Amino acid sequence: MTESVAPCRAPAGAPANAIEYAFGDALPASAHSIEVAPGVHWLRMPLPFALDHINLWLLADTEGWTLVDCGLNQPATIALWEQAFVALLEGRPITRLVVTHYHSDHVGLAGWHERRWQAPLWMTEGEFLTALALYHETAGHHRGAMFDLFRAHGLDEARIEGMKIFSGAYRRLISALPHTFRRIMPDERIEIGAHSWRVLIGHGHAPEHALLHCESLGVLIAGDMVLPKISTNISVRPVEPDGNPLAQFLRSLERFAALPHDTLVLPSHGLPFRGLHARIAQLQQHHAERLGELKGACDAPRCARDLVPVLFRRTLNDHAWYFAMGECIAHLNYLMHARALIRERGADGVLRFRAP
Ligand SMILES: [Zn+2]
């Protein structure tokens, strides 16, 4: 979710003109859309976070519209949807929901739309089951499990106490999920109106994040996997504490680099852009630099809590600390799996990393 997209420092050394914003700084007006490719309509919905918006996509379909991502379950978004139904849909229904991943700004109103339109929810299995697990706060998927992970990585109780105001946030920001879904698969082709969209899968930001690529339109609906300005949050999840999401994310970027360089990228946050290869190179450089800085800081054993200021040099509030810890552990796990750092558990139970 957007909540999970922690702003990082901009990568250094990337040419300023590498990214070309396809529509300049134009933005869709409230409850209105901009047609960014034939039959592909861009609309924005508000978010009550530092990242204050999400982009959603309405695709002209045979009997109505396919909606890609749904917005957060909050009154402001529901009010805008009510206006958008009148202003945008031309009297035709939403006939299908495609949700890229489980984060609340993407799946939040999926159940609400599903019940209103009797529109089936299409998702990957990994994302649907993760959304269910979080919604029902099952083992390994609730905030308490994340706090235990942070404790193991040295975070102090005062900071964890500050984070507890976010407990239950996922459930509040999601309308009740449908009980059934239509599973989408890697490389599956989805016919939407006059166009065929291929499902690509990305890892690292979410377990089985779906992207949609239309070869004939030259368009990639990228979700949170490739964002133009901020680096996608990559966090270790408590259900998989030794996971290596950063390696998964970097491998996904390598696969996306096979798409044409002039692909119009439709991200979930920020502006539609061209320059996919340049953006991928920037992100690769960004993470390589962060990994180098962390490795250099581990001349003596250090825990993730001590290393967060190496990755994030600004003052962080409790909300930002939450995502910064996940991101820091992801980079440390990457270095551990690459055998560039050794992880040890101290007598105090805290995990620390040191150079071999
Ligand atoms: Zn996300």
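None of the values given here were measured: they were computed from a predicted structure. (Residues numbered from 1 in each chain as written. Predicted model: local features only at pLDDT ≥ 70, side-chain atom pairs only at ≥ 80, totals over all residues.)

**Q** Any chance you could break down the pairing of strand E11 (residues 209-214) for me, citing the residues and the numbers?
**A** Burial runs high along E11: 6 of the 6 residues are buried. Both faces of E11 are covered, namely the face carrying His209, Leu211 and His213 and the face carrying Ala210, Leu212 and Cys214. Two strands pair when backbone bridges link them, and strand E10 (residues 195-202) and E11 are joined in this way by 5 bridges, in the antiparallel orientation. From the neighbouring strand, arginine 198 faces E11, where its bridge partner is histidine 213. Where E11 and strand E12 (residues 219-223) come together, 3 bridges link them in antiparallel fashion. Across the sheet, the residue bridging to histidine 213 is leucine 220, located in E12. Here E11 hands over to E12 after 4 residues, with glycine 218 in that stretch at a positive phi of 65 degrees. (Buried ≥ 20, exposed ≤ 12 C-beta atoms within 10 Å, placed from the backbone. Helix = DSSP H or I, 4+ residues; strand = E, 2+ residues; numbered from the N terminus. Pairing = 2+ DSSP bridges.)

**Q** So what's going on with helix H3 (residues 110-117)? Which residues, and what values?
**A** Regarding H3, the residues found buried are Ala110, Gly111, His113 and Glu114. In a view along the axis of H3, the buried residues occupy a sector of 165 degrees, so they form one face of it. Those residues of H3 that are buried lie in contact with strand E5 (65-68), strand E6 (94-98), helix H2 (104-107) and strand E7 (121-123). Positive phi appears at glutamine 118, one or two residues downstream of H3, with a value of about 50 degrees. (Arc of directions from axis to C-beta. Contact = placed C-beta atoms within 7 Å.)

**Q** Break down the environment of leucine 27 for me, with residues and values.
**A** Within the element layout of this structure, leucine 27 appears in the loop between strand E1 (20-21) and strand E2 (34-37). Sequence separation between leucine 27 and proline 272 is 245 residues, and the spatial gap between their C-alpha atoms is 9.9 Å.

**Q** How would you explain the nonpolar core if you had to name every residue and give the values?
**A** With 98 residues, the main nonpolar core has Trp57, Leu97, Ile221, Leu266, Met325, Cys328 and Leu332 as its most contacted residues. Once residues within four sequence positions are removed from consideration, cysteine 328 is found in contact with Ala304, Leu307, Val308 and Leu311. (Core = buried A, V, L, I, M, F, W, Y, C linked by C-beta atoms within 7 Å.)

**Q** An account of the sheet that holds E2 is needed here, citing residue identities and associated values.
**A** Taken in spatial order, the 7 strands line up as E2-E3-E4-E5-E6-E7-E8 in an open sheet, and their pairing is mixed. Every interior strand has two partners, whereas the edge strands, E2 and strand E8 (182-183), have only one. Strand direction decides the pairing type here: E5 and E6, joined by 4 bridges, are parallel. Paired with threonine 66 across the strands is arginine 96, a residue of E6. On top of the sheet, helix H1 (residues 75-88) reaches strand E3 (40-46) and strand E4 (53-60); it is set at about 155 degrees to E3, its chief contact. (Axes fitted to C-alpha atoms, helices over the stretch in contact; angles between N-to-C directions.)

**Q** Help me get a handle on the pairing of strand E16 (residues 351-354), residues and values and all.
**A** Sheet analysis places strand E15 (residues 342-345) next to E16, joined by 4 bridges and oriented antiparallel. Within E16, the residue paired with glutamate 344 across the bridge is arginine 352. From the end of E15 to the start of E16, which pair antiparallel, there are 5 residues, and glycine 349 there has a positive phi angle of about 85 degrees.

**Q** Tell me what's going on with the packing of helix H9 (residues 276-297) against helix H11 (residues 318-337), and back it up with residues and numbers.
**A** Each pair of packed helices can be summarised by the angle the axes make with each other and by the distance between the axes. At a minimum axis distance of 10 Å, the contact between H9 and H11 shows a crossing angle of 75 degrees. The orientation of H9 with respect to H11, classified from their angle, is roughly perpendicular. In this structure, H9 contributes Arg290, Leu291, Leu294 and Lys295 to the contact, and H11 contributes His331, Leu332, Tyr334 and Leu335. Its residues assigned to classes, the contact of H9 with H11 shows 5 nonpolar, 1 polar and 2 charged. (Parallel < 35°, antiparallel > 145°, perpendicular 65-115°, else oblique. Nonpolar A, V, L, I, M, F, W, Y, C, P; charged D, E, K, R; others polar.)

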